[in-house]
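Here is what each chain is made of, one letter per residue.
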Amino acid sequence: MSKERFEELRSQLDEVNLEILEVLNRRAELVSEIGLLKSGKGTERFDPIREKEMLDKLIPANKGPFPDDTIRHLFKQIFQASLGLLEEEKKSLLISRKNQSQDTIVQVGPLAIGGGDPVIISGPCSVESAGQMEAVASHLKNEGIMLLRGGAYKPRTSPYDFQGLGKEGLKILSETAKRHGMVCVSEIVAPEDVEMACEYLDVIQIGARNMQNFELLKAAGSVRKPILLKRGLSATIEELLYAAEYIASRGNDQIILCERGIRTYEKATRNTLDISAVPILKQESHLPVVVDIAHSTGRKDIILPIAKAAIAVGADGLIVETHNEPAVALSDAKQQLDLPQFSTLMNQLRQSGFLKDAVQ
Ligand code: PEP
Ligand code: MN
């Protein structure tokens with residue numbers, strides 16, 4: 001065979017490869033459209049009878065040189081790949097980056113969370129009294145903090161521990177925040193309280209222990225308030241994302257994800273802060289991600305490097321617990337910063353360029 005003929009055959013082969021590629025992708029597009037119609041009807045996507053029908057038409061049409069078995073094998077591979085394509089599409093959740101490339105910005109009053117400078121969410125673990133909230137809020141506002149936290153429904157390990165002030169706590173939090181021109185966030189634990197809470201709160205928190213309370217997630221998806229969704233104590237990143245999808249699937253796309261540490265064998269910290277979850281969540285999803293540096297570590301002495309680490313890996317905000325008298329706090333006494341400690345932390349973060357100098 002002449003060299004010219006060899007080169008010509010090769011270039012023909014390259015062309016045929018490109019034709020096959022085009023035809024394969026045209027087929028994939030048709031499969032996707034059929035898959036969409038099927039998903040609307042709840043029909044199973046894998047359809048062995050339809051596969052057999054297609055092969056029954058193909059085999060008699062085969063003129064070779066490939067034997068029938070090879071054709072059967074090749075088309076089975078194509079069918080398989082098509083199913084894989086549909087599975088991939090199914091994975092492209094509403095909250096996924098695949099669906100939306102730009103960052104979601106959750107606007108809470110004057111505060112934009114996501115895609116910009118990190119925000120600070122602070123306040124006591126529990127709302128204990130109007131006086132306590134006033135003392136904390138006025139200090140935080142002076143530091144430029146806009147988003148005030150405080151638990152009113154406390155999911156405590158022991159039933160004998162302080163359970164929170166309930167609706168009265170929400171009222172105190174809300175009134176305090178309003179008085180200072182701040183916005184507020186608090187945890188809701190029962191689906192039936194979600195609507196009521198909208199009256200008092202600017203952000204509804206779903207806590208770690210309730211991350212997979214699916215009825216609560218559905219209730220949170222049905223209101224038009226931003227939701228702060230915390231990662232479960234032993235939840236994987238995927239489970240957190242699916243929990244967020246529960247909320248988004250009901251029409252509420254204003255979701256802030258929160259890494260708050262997970263259960264491991266390590267006892268030096270209250271939980272193990274999964275710092276790698278932050279860039280992974282931001283890669284997988286367009287939602288903002290904040291890091292709770294209080295509950296993840298349970299320690300005040302390492303709060304500065306942990307805060308820096310969280311911001312360095314791209315956190316859109318930090319949750320820091322603060323109390324006017326941590327020693328007598330009714331919950332999480334050990335991890336709450338007192339007010340001067342909070343100011344020191346803010347100054348250190350500002351001086352080292354981790355936070356903007358100006359008030360938020
Ligand atoms: C909280 O933020 O008040 C809280 C209880 O945190 P977590 O759900 O992360 O334990
Ligand atoms: Mn707490």
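In case you missed it, the structure is sitting above this.
Residues numbered from 1 in each chain as written. Chains lettered and ligands numbered in written order. Predicted model: local features only at pLDDT ≥ 70, side-chain atom pairs only at ≥ 80, totals over all residues.

Observations concerning the pairing of strand β10 (residues 317–321)
Cut-off, in case you're wondering: Partly exposed residues are those falling between the two cut-offs: more than 12 but fewer than 20 other C-beta atoms within 10 Å of their own, whereas 20 or more means buried and 12 or fewer means exposed, with C-beta atoms placed from the backbone. The helix count covers DSSP runs of H or I at least four residues long, the strand count covers runs of E at least two residues long, and both are numbered beginning at the N terminus. A pair of strands counts as paired when DSSP detects no fewer than two bridges linking them. When the strands point away from the viewer, a crossover counts as right-handed if the path from the first strand over the helix to the second runs clockwise.
The buried count for β10 comes to five of five residues, which makes it a mostly enclosed element. Side-chain alternation along β10 places G317, I319 and E321 on one buried face and L318 and V320 on a second face that is also buried. Where strand β3 (residues 119–123) lies against β10, five bridges are found, and the strand directions are parallel. Residue pairing for β10: I120 is matched across the bridge by L318. Taken together, the three bridges between strand β9 (residues 289–292) and β10 define a ladder with parallel strand orientation. Paired with V291 across the bridge in β10 is L318. Traced from β9 through helix α10 (residues 303–312) to β10, the parallel crossover comes out right-handed.

Notes on the packing of helix α4 (residues 130–142) against helix α5 (residues 167–179)
In plain terms, the rule: For helices, the fitted axis covers only the stretch in contact; all axes are lines through C-alpha atoms, and the angles between them, taken along N-to-C directions, range from 0 to 180 degrees. Each crossing is labelled by how the near helix is turned from the far one, with a counterclockwise turn of less than a right angle marking it left-handed and a clockwise turn marking it right-handed. Any pair of residues counts as being in contact when their C-beta atoms, constructed from backbone geometry, are within 7 Å of one another. Any residue outside Ala, Val, Leu, Ile, Met, Phe, Trp, Tyr, Cys, Pro, Asp, Glu, Lys and Arg is labelled polar, Gly included; the first ten of those are nonpolar and the last four are charged.
The contact between α4 and α5 brings their axes to 10 Å, and the two run at 35 degrees. The chirality of how α4 crosses α5 is right-handed. Contacts between α4 and α5 involve A130, M133, E134 and A137 from the first element and I172, L173, T176 and A177 from the second. Here the residues of the contact of α4 with α5 sort into six nonpolar, one polar and one charged.

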